[in-house]
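The residues making up each chain are set out below.
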Amino acid sequence: DGRSLVSVAAAGQTSETQQRDSELTTWDPASGKPRFTLPITPADGERVAISPDGSKIAWVVANGSNGKIWVMNSDGTNKHAITGDLKYLENTDWSPDGIHIGYDYDADDDELNELVQIHSDGTNSEILYQSGEPYTDVWMGGYSSSQRGLIFSFVKYDYYYNMIETNIAGLG
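Keep in mind that what you see is a predicted model, and the values were worked out from it rather than measured.

**Topic: the environment of asparagine 66**
Looking at where asparagine 66 falls in the secondary structure, it is placed in strand β6 (residues 66–73). The class of asparagine 66 is partly exposed, set by a relative accessible area of 28%. Separated by 18 residues in the primary sequence, asparagine 66 and glycine 84 have C-alpha atoms spaced 9.3 Å apart. Beyond its immediate stretch of four places on either side in the chain, asparagine 66 contacts Val61, Asp85, Leu86, Lys87 and Tyr88.

Below you can see the structure in the form of structure tokens.
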């Protein structure tokens, strides 16, 4: 029926970095056999999001302090980036209707992240929330199941970027 199970697991030790690599694997539930395996770094594996209907996978590929959002079908086909390099790109989540992907990154080049969403085809990126307070970062948590809100955390820093407050909040 086209459904897949998805797992992210450690794949082994690398000799150069001594960090564990990970693999994102899609599985055929009927046969129990893997359909597709994609090597990813440990940090990328923490930022994997499955569409609500299970047909697509989105993940972040980090490159230093930048990253890109990639999307593919859950069978491993049609793998492509839907964004260019985004500064401090972090957490991703699918909207409950599967149309948008929400994420956080430094959209206004002030060294602090804003909440953003983009259509899953890579069009129509828009800022959803930007803190009006100085030295305040916001990080995507997820969409609410009602599609009317977002759950996120925010972190306030002092002038020297020492963390002074963290909180979880909602929007909508």
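**Concerning the pattern of salt bridges**
In total, this model carries four salt bridges according to the counting rule given. A salt bridge links lysine 87 to glutamate 111, with the nearest nitrogen and oxygen atoms 2.6 Å apart. Taken as a pair, lysine 87 in strand β8 (residues 86–87) and glutamate 111 in the loop between β10 (100–105) and β11 (114–119) lie far apart in primary sequence, 24 residues in all. Classification of lysine 87 by relative accessible area gives partly exposed; the value is 22%. The exposure class of glutamate 111 is partly exposed, given its relative accessible area of 36%. A salt bridge links lysine 156 to glutamate 133, with the nearest nitrogen and oxygen atoms 2.7 Å apart. With lysine 156 in strand β14 (residues 150–157) and glutamate 133 in the loop between β12 (126–129) and β13 (136–143), this residue pair connects regions lying 23 residues apart in the sequence.

**Looking at unusual backbone geometry**
One non-glycine residue, glutamate 111, lies in positive phi territory at about 75 degrees. Within the chain, asparagine 124 stands out as a residue other than glycine whose phi angle is a positive 55 degrees. Its relative accessible area of 52% is what places asparagine 124 among the exposed residues.

**A look at the sheet that holds β10**
Across the sheet, four strands lie side by side as β9-β10-β11-β12; this open sheet has antiparallel pairing. At either margin of the open sheet sits one strand with a lone partner, and together these are β9 (92–94) and β12. Neighbour-to-neighbour, the strand axes of the sheet open up by a mean angle of 30 degrees, direction not taken into account. As paired elements, β11 and β12 share three bridges and run antiparallel to each other. Residue pairing for β12: valine 116 is matched across the bridge by isoleucine 127.

**Quick notes on the pairing of β11**
For β11, the tally of buried residues reaches five of six residues, placing the bulk of the element in the interior. Judged from the six bridges that link them, β10 and β11 form a sheet pairing that is antiparallel. The residue of β11 that forms the bridge with aspartate 104 is leucine 115. Between β11 and β12, which pair antiparallel one after the other, the connecting turn spans six residues, and glycine 122 there sits at a positive phi close to 95 degrees.

**Some remarks on the nonpolar core**
In terms of nonpolar packing, the biggest core is built from 14 residues, with Leu89, Ile101 and Tyr103 touching the most fellow members. Within the residue set of this core, elements represented by two or more residues are β5 (56–63), β6, β10 and β11. Looking at which element gives the most residues to this core, the answer is β10, with three residues. Residues in contact with isoleucine 101, not counting those within four places in the same chain, are Ala58, Val71, Ile82, Thr92, Asp93, Trp94, Val116, Gln117, Ile118, Ser120 and Tyr143.

**Some remarks on the environment of lysine 156**
On the accessibility criterion, lysine 156 (18% relative accessible area) is buried. Measuring from C-alpha to C-alpha, the distance between lysine 156 and aspartate 137 comes to 6.5 Å, with 19 residues separating the pair along the chain. Beyond its immediate sequence surroundings of up to four residues, lysine 156 is in contact with Glu133, Tyr135, Thr136, Asn162, Met163, Ile164 and Glu165. Polar contacts involving the side chain of lysine 156 include one to the side chain of glutamate 133, which spans 2.7 Å.

Reading the values: the criteria
Residues numbered from 1 in each chain as written. Predicted model: local features only at pLDDT ≥ 70, side-chain atom pairs only at ≥ 80, totals over all residues. Heavy atoms only, no water. Helix = DSSP H or I, 4+ residues; strand = E, 2+ residues; numbered from the N terminus. Buried < 20%, exposed > 50% of the residue type's maximum accessible area, 1.4 Å probe, protein only. Contact = heavy atoms within 4.5 Å. Salt bridge = Lys/Arg side-chain N within 4 Å of Asp/Glu carboxyl O. Pairing = 2+ DSSP bridges. Axes fitted to C-alpha atoms, helices over the stretch in contact; angles between N-to-C directions. Core = buried A, V, L, I, M, F, W, Y, C linked by side-chain atoms within 4.5 Å. Polar contact = N/O pair within 3.5 Å; in protein donor to acceptor, adjacent residues only side chain to side chain.

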